[in-house]
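A closer look at the structure
Listed below, chain by chain, are the residues.
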Number of protein chains: 2
Amino acid sequence: MNNYEVTERNKLKRVPKRAHYDKETVYQILDAAFVCHVSFVVEGQPFLIPTAYGREGDTIYLHGATKSRMLVNLEKGIPVCVAVTHLDGIVVARSAFHSSINYRSVVVFGKAKLVSEDQKNHALEVITNNIIGNRWEEARPPYEKELKGTSVLAIEIESASAKIRVGGPVDEKEDYDLDIWAGVIPLQMTAGEPVADDLLRAEIPIPSSARNFTY
Amino acid sequence: MNNYEVTERNKLKRVPKRAHYDKETVYQILDAAFVCHVSFVVEGQPFLIPTAYGREGDTIYLHGATKSRMLVNLEKGIPVCVAVTHLDGIVVARSAFHSSINYRSVVVFGKAKLVSEDQKNHALEVITNNIIGNRWEEARPPYEKELKGTSVLAIEIESASAKIRVGGPVDEKEDYDLDIWAGVIPLQMTAGEPVADDLLRAEIPIPSSARNFTY
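Conventions we followed
- Residues numbered from 1 in each chain as written.
- Chains lettered and ligands numbered in written order.
- Predicted model: local features only at pLDDT ≥ 70, side-chain atom pairs only at ≥ 80, totals over all residues.
- Heavy atoms only, no water.
- Phe/Tyr/Trp six-rings, centres within 6.5 Å; stacked < 30°, edge-to-face > 60°.
- Helix = DSSP H or I, 4+ residues; strand = E, 2+ residues; numbered from the N terminus.
- Buried < 20%, exposed > 50% of the residue type's maximum accessible area, 1.4 Å probe, protein only.
- Lys NZ or Arg CZ within 6 Å of the ring centre and 35° of its normal.
- Least-squares fit on C-alpha atoms with pLDDT ≥ 70 in both.
- Contact = heavy atoms within 4.5 Å.
- Salt bridge = Lys/Arg side-chain N within 4 Å of Asp/Glu carboxyl O.
- Polar contact = N/O pair within 3.5 Å; in protein donor to acceptor, adjacent residues only side chain to side chain.
- Nonpolar A, V, L, I, M, F, W, Y, C, P; charged D, E, K, R; others polar.
- Pairing = 2+ DSSP bridges.

Right, let's get into the packing of aromatic side chains. As enumerated under the stated definition, the model contains six aromatic pairs over all chains in all. Consider the rings of Phe109 of chain A and Phe47 of chain B, whose centres lie 5.4 Å apart with planes at 70°: the pair is edge-to-face. With one member in each of two chains, Phe109 of chain A in strand S6 (residues 100-114) and Phe47 of chain B in strand S3 (residues 45-56) form a pair that bridges those chains. Each of the two residues, Phe109 of chain A as well as Phe47 of chain B, counts as buried. Taken together, Phe40 and Phe47 of chain A together with Phe109 of chain B form an aromatic cluster joined through their ring pairs. The ring of Tyr27 of chain A has Arg55 of chain A sitting right over it, with the charged end atom 3.7 Å from the ring centre.

Glancing now at the relation of the copies chain A and chain B. Turning chain A through 180° and shifting it by 0.0 Å along the axis lays it on chain B, with an RMSD of 0.0 Å. Each copy turns onto its partner about a two-fold axis. For chain A, the smallest separation between a C-alpha atom and the rotation axis is recorded for Met189 of chain A, amounting to 2.1 Å.

Another point: the interface of chain A and chain B. On the chain B side, the residues contacting the 89 residues of chain A number 89 residues. On inspection of chain A and its partner chain B, the count reaches six salt bridges. For Arg140 of chain B, the salt bridge goes to Asp175 of chain A, with nearest N and O atoms at 2.6 Å. At the boundary of chain A and chain B, one finds 41 residue pairs in polar contact (both at pLDDT 80 or more). Looking at the side of chain A that touches chain B, the elements with two or more residues in it are strand S2 (35-42), strand S3 (45-56), strand S5 (79-92), S6, helix H3 (117-131), helix H4 (135-138), strand S8 (183-191) and strand S9 (195-196) of chain A. In terms of residue class, the side of chain A that touches chain B is built from 54 nonpolar, 16 polar and 19 charged. Where S8 of chain A and strand S9 (residues 195-196) of chain B come together, two bridges link them in antiparallel fashion. Its bridge partner lying in S9 of chain B, Val184 of chain A is registered against Val195 of chain B.

All names here are of chain A. What the rule picks out here adds up to 28 salt bridges over all chains. Salt-bridge contacts for Asp88 lead to Arg104; the nearest nitrogen and oxygen are separated by 2.7 Å. Of the two residues, Asp88 sits in strand S5 while Arg104 sits in strand S6, which places them 16 residues apart along the sequence. Its relative accessible area of 24% is what places Asp88 among the partly exposed residues. Within the structure, one salt-bridge network assembled from shared partners comprises Arg9, Lys111 and Glu158.

Residues and elements named next belong to chain A. Extensive coverage of S5 is indicated by the burial of 11 of its 14 residues. Note that S5 and S8 share four bridges and pair antiparallel. Residue pairing across strands places Val91 opposite Val184, the latter belonging to S8.

Here you go:
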């Protein structure tokens, strides 16, 4: 199955031509970011938390301190919604009404469960290497006590959708005669030069993982 | 009152030194972005939608098509949680465990209500000018029929918190002797050269709002 089933929960109701339900598109958008927003419900109140993640197959891994609100609630297996959004540009139309945003976004539905002790190390590797490729291999591995103080959650993707807008403005026919500029302002998350820690010994070089990092 | 009251709902449980409850900090983080994630609950299921917004005082304005899932549900006045997150850098520690992310985030709690017909135009101005300063003044104003097809929601901020991490890695004492690079990879949303619409007449110049746009 290379597509997520389209149900009432994940179906995009607005601008259906921007909707994608294939796993390849969903995975690409998820793998191009490393911070998601996680939503869950406690006594009818929605909460929202930005957090780092990594994906492997249809599993999204999150980690956090054992007593955090997110962990304490999510480990109960309550429904979770996860969103990842990339901003690609501002679509500047001649009319305010047709102005828009170019973006790629994914919304995932599922439930979380605690990752077992013997799978924790692997899950943290997936998260770490999703942030910076190969960092897990460079960094000092976790001590037992560090693993004990960290909870890792696995969210199995039950349902998902992607939404993508690309291209320039689409204005009303009569507006093309107006003397108003229209176009796109491209946006991109850009990495600057890595800044060494003040306490780093001068002879330690920047690894290629950091030097060549691109978002 | 220049601070949001700290209650069970908005209190940050983890790393309290990163928490801010003053309105100035919350407003600054909100005003530096224009896409938020909005979370709401339908029959126990959390939904999450990325959408453009604008802030005025303690009000966050969102807009959407009248029949969108977000609008249909939020206009009932159900509890809403809104988050805005800026990624400022990757904190590369010597250990995987102490690696982190520099960020500024805000979480807002409130309820949405429909903006009345005579306030819609103003709310759309706030949203538009939050995306690109002064664009409302440059663009063709909405027609009556465009306003009719758009619903605008006002979320009054009942409660909010900001969370900020800055600075380099903080490693375990013994790890400073390791031959492992550590530092920060700065991240910033960057705007590229504006790209004119294919159908734009050549004599129309790029306005300073687009030419000098910075995220």
